[in-house]
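Results of the structural survey
As a plain string of letters, each chain reads:
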Amino acid sequence: MAVGDMTPKEFLQKSLSTLETDSVILGVIGVRKYITSIALNLQTGGTVGRTITVYKNGTTLSNEILRLYLNPSNGVAYTVITELPFFLEDGQTMSFKQDIGTDVNILVNGLE
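What you are looking at is a predicted structure, and each value in this text was computed from that prediction instead of being measured. (Residues numbered from 1 in each chain as written. Predicted model: local features only at pLDDT ≥ 70, side-chain atom pairs only at ≥ 80, totals over all residues. Heavy atoms only, no water.)

Looking at the environment of Gly 58
- One can find Gly 58 in the loop between β4 (50-56) and β5 (64-70).
- Sequence spacing of Gly 58 and Thr 82 is 24 residues, and the spatial spacing of their C-alpha atoms is 22 Å.
- When neighbours within four sequence positions are excluded, Gly 58 is seen to be in contact with Asn 63 and Thr 93. (Helix = DSSP H or I, 4+ residues; strand = E, 2+ residues; numbered from the N terminus. Contact = heavy atoms within 4.5 Å.)

What follows is the structure, encoded as structure tokens:
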């Protein structure tokens, strides 16, 4: 590969929990990670929705960069986000959590 080439990678695939520290992508020294898509899928049926929160470089309110609501009663039990300008470099983090339960699956893909 030429200098500067990036390779497709799967950075995270798991069920979310209510702890943002359970689902973390970590930047590595000398490697830039470019997040190209985040897929979220609510596994339980019915009418109970879930709020998903995405953080960058910390897990306080000031680090929150995205909040989504999956609402199966309105026909939105999954979403794929593809227009993401997120890079992770040395020591930077991206964290994910849901408001209650462990029934939202996440898949984060990108280039490295």
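Still to come is the rest of the account.
Considering the pattern of salt bridges
- For the coordinates displayed, the defined rule picks out six salt bridges.
- With a shortest N-O distance of 3.7 Å, Lys 97 and Glu 20 are connected by a salt bridge. Here Lys 97, found in strand β8 (residues 93-98), pairs with Glu 20, found in the loop between β1 (8-15) and β2 (24-26); they are 77 residues apart in sequence, far enough to count as distant.
- With its nearest N and O atoms 3.2 Å apart, the salt bridge here joins Glu 89 to Arg 32. Of this pair, Glu 89 sits in the loop between β7 (86-88) and β8 while Arg 32 sits in the loop between β2 and β3 (33-42), and the two are 57 residues apart along the sequence.
- A relative accessible area of 35% means that Glu 89 is categorised as partly exposed. (Salt bridge = Lys/Arg side-chain N within 4 Å of Asp/Glu carboxyl O. Buried < 20%, exposed > 50% of the residue type's maximum accessible area, 1.4 Å probe, protein only.)

Some points on the side chain of Thr 93
- Relative to the helices and strands, Thr 93 is located in strand β8.
- Apart from the residues lying within four places of it in its own chain, the contact partners of Thr 93 are Val 24, Ile 25, Leu 26, Tyr 55, Lys 56, Asn 57, Gly 58 and Leu 88.

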